[in-house]
Amino acid sequence: MKRFTELFIHLDRTNKTNEKVEALKSYFLTAPDEDKIWALAVFTGRRPPSVFKRGQLHEWAMELAGIPEWLFRESYGSVGDLAETISLILPVSPSSGERTLNELFTSLIDLGKASEQEKKDFLVNTWRQLSPYEVFVFNKLLMGSLRIGVSATLVIRAIGEATGQDPAVITHRIMGQWDPVTTSFNDLIHSKNSADELSKPYPFYLAYAIEGSLEDLGEAHEWFAEWKWDGIRSQVILRKSQLFVWSRGEELVTDKFPELHAMKNPLPDGTVIDGEILCFENDRPMPFNVLQTRIGRKNVTKKILSEAPIVLMGYDVLEYDGRDLRNETQEYRRRLLEQIAASIDLPVFRLSPLVDFPTWDDLRAQHSQSRERGAEGFMIKRKAATYQVGRKKGDWWKWKVDPLSVDAVLVYAAKGSGRRSELFTDYTFAVWDNDKLITFAKAYSGLTDEEIKEVDKFIRQNTLEKFGPVRTVKPELVFEIGFEGINKSTRHKSGIAVRFPRMLRWRKDKPVSEADTLENLKGILEQFG
Amino acid sequence: MSSPLLQFTSSGIFCPDAKVHIDPWQPVERAIITHAHSDHAKAGNKQYLAHKDSESILRLRLGDDIQLQTVSYGEPVIINGIKFSLHPAGHIIGSAQVRVERNGEVWVAGGDYKIQDDNFSVPFEVVRCHTFITESTFGLPIYKWPVQKLVMDEILEWWKQNQVEGKASVLMGYALGKMQRLIVNLQPFPGPVFAHGAVFNVNQRLREAGSDLPFIAFASDIEKKEFRHALVLAPPSAAGSSWLKRFEPYSTGFCSGWMAVRGGKNRRAIDRGFVLSDHADWNDLNVTIPETGAERVFVTHGFTDVFARWLNEKGIEAHEVKTEYGDEQEETNAETIG
């Protein structure tokens, strides 16, 4: 735990890529093998088994520290993070035996069936053996909320440098399904043909938002443009007569989309299609929240299948007939994809249509149709592009439509977490419904640090009421709230739910009376919902 | 019945019998000053009384012409039959608790205090009393200071690492108190040390008044390459200022009790936070207050409501009092020039 904590401290202290890679590399060179696999599991977003409830951690920590509930709450309010609060209130213990990550994680797994008393004994003993900072990192691991500030790309680079392996190979190996309990670090990184190779997706190629003008990209005829769909980016993989569906979040979602199993027969073995899963009806995408409700369900029932039918909107083909096509050109892969689509002819598989644009101006002219088509804008891809790994600039660009927006009034505020735990940064916004303000969205991002400070000060001086952590604020500040989509909602009082709300601008020029109304929002819903 | 020995008024802590205020924030006739930090020592009072080690800084900040009487620790001063004396508070050099006695009834105003010996100011002494006025800047159980030696080692390690990387080490903290504590405890220095003007002025005043401090050069007239291995001592106001440019490349460190919480460091644009405070931590408050034997406690600046409630639950009668003294953070923000 000591070594992993040191690594965490190192990573936490620097924002320089090279220093982060160095720290990771040194960890992967020196840590015990059985620990590395756990570290990698953590870095790739795998959570240790969840053995404790937050309430238990909190209760046992209070007991050990000898403080009452209300004082714990005050402390938590000041720190803003449960794992850290516990690490700070526990008595500082003198003993500090080293417990390896592997020991700790293995114990956690064994505790799954243990009694509450056994769990408590384990936790209290472990806390006693760790330094405060180790307690913090350990608690974060327990809660599955350790945010390390390193991307998968950096971890892969570090492991590559530490092991001498090709980063692309490592990426492929650590994607997909493996269990740190049954997998050793060496097997995962070095073994040539692991059995689960079959299901592994390719790392997704991701685009950056376009910078500058379209003309900077060069000649229009060197590029493809497609509509940018808002669903779940996925790979459908068929190998050895088995079909797998992977989401971009590296989750295996095969069972969630039984409709796609129809692709199994017509496709040849050794095929990987990259596309977007969308709920689709009457030739157009349904709102994203239809797909969202479907993902949330444990069982895919007949009812869901009929209410939220999906399609795979095909973007690309990465493997065909067992051959990795990622080094072929976009144009080559597109032509092949068109042939595949024509030959299998299934309603569940649709070809993402290309946009016709002899000149950049022609493309510009069509951008405004995005919302009507249920798309978020364009994806622009160089015809000569290979299929790359991760987010890369140069060959793929996304060009999104401007967000929808309304001017809304700040009415509630709560403190943020982490870096913002002492500032009021979580805001709730309202629009006018006749002479009343009705809330419709929460937003956390979009302001500069300076603006946050100013708003924070305003909130402290203009609090009307306190409800636990939430303050009612004098309705005086107006912000332009941007969002990507809008839907009807039965859960919100306003009857409206917006997607990805954020603050675009502080409208210091607008008095509260000029904020938008619920009627305005309903108008947007009618047009774009 | 006579009036209480001390009262809390809109001007500060007040002794009606002696017509004396302690650390008033409005100008008054006669003020006893616990220590020379700007939130406790305000300008505009007619007469001042303070510990002799506070004199040089009080005159630097409030003017050479203030009417100031100084005393040693424990030396009684009788005003209108009320007996006043100052006792070590261990907060910074010259800092004092004010003991007030009338007919055997004793009140102590603790001012700002810390229990840890910083090897520079005279260590805190418990003064037995009936009523104790305590600060509560760090009156939450999340604030527990590491041993001073460990923090100094951590700072030295950071400085040496910066030397390896060819960076200057810019260490920030309150110019009065924190900086002298660092100078005394970081010795022997593994490299050259320079001071920002605010720190330089305070150091020079204290040296002239006889403090045992080494000379630390003013950071302005130095050739840039000299900074590569140097420690630069600066007030918090230096953070993000153009004054820092001359030290590039550099790493910044910040010394404060608030650094105990990750958010405390992350909110400031600094590279490293060091947990070093001149206030009592949670454990120290909880040990010290019972040791005074006080039957009644007034809790001032800090987590007043929380700490007063905690004391009451522990069976010590406690009341929350609003004052205008800053917390360590406000102090450091307010302090720009010596």
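Residues numbered from 1 in each chain as written. Chains lettered and ligands numbered in written order. Predicted model: local features only at pLDDT ≥ 70, side-chain atom pairs only at ≥ 80, totals over all residues.

Is there a simple way to explain the overall build of chain A in this structure?
In terms of regular secondary structure, chain A is built from 18 helices and 22 strands. Relative to the 2.2 N^0.38 estimate, which gives 24 Å for 529 residues, the radius of gyration of chain A is 26 Å and therefore close to what a compact globule would have. C-alpha atoms of chain A, sized along the principal axes, occupy 70 × 70 × 50 Å. Burial status across chain A gives 35% buried among its 529 residues. (Helix = DSSP H or I, 4+ residues; strand = E, 2+ residues; numbered from the N terminus. Rg over C-alpha atoms; globule rule 2.2 N^0.38 Å. Buried ≥ 20, exposed ≤ 12 C-beta atoms within 10 Å, placed from the backbone.)

Teacher, can you tell me more about the interface of chain B and chain A here?
Taken residue by residue, the interface counts 15 residues in chain B and 19 residues in chain A. Of the residues assigned to the side of chain B that touches chain A, the class counts are seven nonpolar, two polar and six charged. (Contact = placed C-beta atoms within 7 Å. Nonpolar A, V, L, I, M, F, W, Y, C, P; charged D, E, K, R; others polar.)

Looking at this structure, I do not really get the environment of M313 of chain A. What am I missing?
Residues and elements named next belong to chain A. By the secondary structure assignment, M313 is in strand β8 (residues 310-320). For M313, a count of 22 C-beta atoms within 10 Å gives the class buried. Note: C-alpha distance between M313 and M503 (190 residues apart in sequence) is 31 Å.

Just checking my understanding: could you explain the sheet that holds strand β17 (residues 272-274) of chain B for this structure?
Two orientations exist for strands paired in a sheet by backbone hydrogen bonds: parallel and antiparallel. Residues and elements named next belong to chain B. Spatially, six strands are ordered β14-β13-β15-β12-β16-β17 in an open sheet, and the strand pairing comes out parallel. Two strands lie at the open edges of the sheet, namely β14 (217-218) and β17, each paired on one side alone. Sheet topology note: the strand β12 (residues 168-172)/strand β15 (residues 231-234) ladder contains four bridges and is parallel. Bridge pairing in β15 links L171 to L233. (Pairing = 2+ DSSP bridges.)

I keep staring at the nonpolar core and nothing clicks. Help me out?
Soluble, globular proteins show a tendency: their nonpolar side chains are buried together. Of all hydrophobic cores here, the largest spans 147 residues; its most connected members are A39 of chain A together with V98, L171, V199, V232 and L233 of chain B. Top contributing element to this core by residue count: helix α3 (residues 33-43) of chain A, with seven residues. Here V232 of chain B is in contact with A168, S169, V170, L171, F194, A219, F227 and F247 of chain B, once residues within four sequence places are set aside. Residues W229, I310, A385 and W396 of chain A belong to the second largest nonpolar core, which totals 47 residues. (Core = buried A, V, L, I, M, F, W, Y, C linked by C-beta atoms within 7 Å.)

Any chance you could explain the pairing of strand β14 (residues 404-415) of chain A here in plain terms?
Working note: regular strand, side chains alternate between the two faces of the sheet. All names here are of chain A. With respect to burial, β14 is a largely interior element, nine of its 12 residues being buried. Sheet topology note: the β14/strand β15 (residues 424-433) ladder contains six bridges and is antiparallel. Paired with A413 across the bridge in β15 is Y427. Relative to strand β18 (residues 470-473), β14 runs antiparallel, the two being bridged by two bridges. Bridge pairing in β18 links Y412 to T472.

Any chance you could explain the domain arrangement of chain B here in plain terms?
A common measure of how large an interface is: the accessible area buried when the components associate. All names here are of chain B. The assigned domain composition of chain B is domain 1 (7-142 + 278-327) and domain 2 (148-274). Centre-to-centre separation of domain 1 and domain 2, based on C-alpha positions: 29 Å. If you look at the interface, domain 1 gives 16 residues, while domain 2 gives 18 residues. For the side of domain 1 that touches domain 2, the class distribution of residues is eight nonpolar, five polar and three charged. (Domains from an automatic or database assignment.)

I keep staring at the sheet that holds strand β2 (residues 12-15) of chain B and nothing clicks. Help me out?
All names here are of chain B. Spatial ordering of the open sheet is given by β1-β2-β3-β4-β5-β6, a layout of six strands whose pairing is mixed. One side of each edge strand has no neighbouring strand; the edge strands of this open sheet are β1 (7-9) and β6 (67-71). Each adjacent strand pair in this sheet contributes to an overall mean axis angle of 30 degrees, direction not counted. As paired strands, strand β4 (residues 30-32) and strand β5 (residues 47-51) are joined by three bridges and run parallel to one another. Paired with I32 across the strands is L49, a residue of β5. (Axes fitted to C-alpha atoms, helices over the stretch in contact; angles between N-to-C directions.)

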